[in-house]
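Each chain is listed here by its residues.
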Amino acid sequence: MKKIGLLGCGAIGTQIALAIDAKKINAELTHIYDSDETKAQALSSKLIIKPVIVANPHLLSSNNVDIVVEAASQDAVKNHALSILQNKKDLLIMSVGALLDESVFDILIDACEEFKKKIYLPSGAIAGLDAIKSVKNELESVCLVTTKNPKALTGAKFFEKNKIDIGSITQKTTIFDGPAKEAVTLFPANINVSALLSLAGLGSARTMVKIVADPLTEKNTHQIEALGKFGKITIQVENVPDPTNPKTSRLAILSAIECLREACMDDIRIGT
């Protein structure tokens, strides 16, 4: 049974921990960390098997764990992912937007090879990544349109530079239209799916993203259109937001749980 360390005890980290505790994943959660210790304590109180709350992120990977699950932030990936791999632990990353920083991506790829470790990237709140990966050498264009209720976009860095009153939006409004590389920087907690789509296909400069604020919707909707020599792929996913965090789709959490479950099992794997 693999031992798991958890970096980040918010909405996503909590649901992953509860899945492990409920034996939905063949693993044991042994160590947890959050920069806000009260979150780590609150998570521990919900679990039957109590993990050790460590004092800093380094102690997650320096302890006897097999996989560290990052469910914290892009900054957490940039600051701690390398040391996790150097400590010869596998890593599951939720904040995939951090990997669109080419210097971060290159360093982590080299570390995986040097230390013979793996990085797992769950497919998150979208579908069809297996198809995009399969046709990546024949892709000509990829566009992602993400529609969310304005309240799910509140607090994004985008609004620091663009003086839009998110609360005043009364009809469906496109607030961003540009490349994925820019989107993940301006909406770090909202659009990690664009990073996954970029890594699977054309890259962050050629993967185009539109973000639409719609006050009449209670779902997080992602529409993907990919064109190329192979033909055309059209995908639409309508996600229910996680009740504890409207910025996160329920599917993103379920995807992380399934990805970790597969990483901890030796059985048949379905899909590319």
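As shown above, the structure is provided for reference.
Residues numbered from 1 in each chain as written. Predicted model: local features only at pLDDT ≥ 70, side-chain atom pairs only at ≥ 80, totals over all residues. Heavy atoms only, no water.

*Asks:* An account of the sheet that holds strand β3 (residues 52-53) is needed here, citing residue identities and associated values.
*Replies:* One key point about sheets: their strands pair by backbone hydrogen bonds, in either a parallel or an antiparallel sense. Strand order in the open sheet formed by 6 strands is β3-β2-β1-β4-β5-β6, with parallel pairing between adjacent strands. Edge positions in the sheet fall to β3 and β6 (119-120), since each of these pairs with one other strand and no more. The sheet contact formed by strand β1 (residues 2-7) and strand β2 (residues 27-33) spans 6 bridges and is parallel. Directly across from Leu7, in β2, lies its bridge partner Tyr33. Relative to strand β5 (residues 90-93), helix α4 (residues 74-86) is tilted by about 160°, and along the sheet it contacts β1, β4 (67-70), β5 and β6. (Pairing = 2+ DSSP bridges. Helix = DSSP H or I, 4+ residues; strand = E, 2+ residues; numbered from the N terminus. Contact = heavy atoms within 4.5 Å. Axes fitted to C-alpha atoms, helices over the stretch in contact; angles between N-to-C directions.)

*Asks:* Lay out the pattern of salt bridges with the relevant residues and their values.
*Replies:* Following the criterion strictly, the structure yields 7 salt bridges and no others. Between Glu238 and Lys219 there is a salt bridge whose closest N-O contact spans 3.5 Å. Taken together, the residues Glu238 in strand β11 (residues 231-239) and Lys219 in the loop between β9 (207-213) and β10 (220-228) connect sequence positions 19 residues apart. The exposure class assigned to Glu238 is partly exposed, which follows from its relative accessible area of 46%. Judged by its relative accessible area of 37%, Lys219 is partly exposed. In this structure, Lys232 engages Glu225 in a salt bridge whose closest nitrogen and oxygen atoms are separated by 3.6 Å. One continuous salt-bridge network, built from bridges that share partners, spans Glu258, Arg261 and Asp267. (Salt bridge = Lys/Arg side-chain N within 4 Å of Asp/Glu carboxyl O. Buried < 20%, exposed > 50% of the residue type's maximum accessible area, 1.4 Å probe, protein only.)

*Asks:* Tell me about helix α5 (residues 102-115), residues and numbers included.
*Replies:* The end-to-end C-alpha distance of α5, which contains 14 residues, comes to 20 Å, matching closely the 20 Å that a straight helix rising 1.5 Å per residue would cover. Looking at the buried positions of α5, the neighbouring elements they touch are α4 and β6. Looking one or two residues past α5, Lys116 carries a phi angle of roughly 55°, positive in sign. (Expected span 1.5 Å × (residues − 1).)

*Asks:* Quick one: what's the story with the sheet that holds β11, residue by residue and with numbers?
*Replies:* What the 5 strands build is an open sheet, ordered β8-β9-β7-β10-β11; its pairing is mixed. Lying at the two open borders of the sheet, with one neighbouring strand each, are β8 (173-179) and β11. Along the sheet, successive strands turn relative to each other by an average axial angle of 10°, direction set aside. The pairing of strand β7 (residues 139-148) with β9 spans 7 bridges and is classified as parallel. Bridge pairing links Val145 to Lys210 in β9. Contacting β7, β9 and β10, helix α9 (residues 192-200) runs over the sheet at an angle of about 170° to β7.

*Asks:* Residue-level account of the environment of Arg261, with values.
*Replies:* Relative to the helices and strands, Arg261 is located in helix α10 (residues 250-263). Arg261 gets classed as partly exposed once you look at its relative accessible area, which sits at 21%. Put simply, Arg261 and Lys23 are 238 residues apart on the chain and 10.0 Å apart in space, counted from C-alpha to C-alpha. Excluding residues that lie within four positions of it along the chain, Arg261 makes contacts with Lys24, Ile25 and Asp267. Polar contacts involving the side chain of Arg261 include one to the side chain of Glu258, which spans 3.1 Å. (Polar contact = N/O pair within 3.5 Å; in protein donor to acceptor, adjacent residues only side chain to side chain.)

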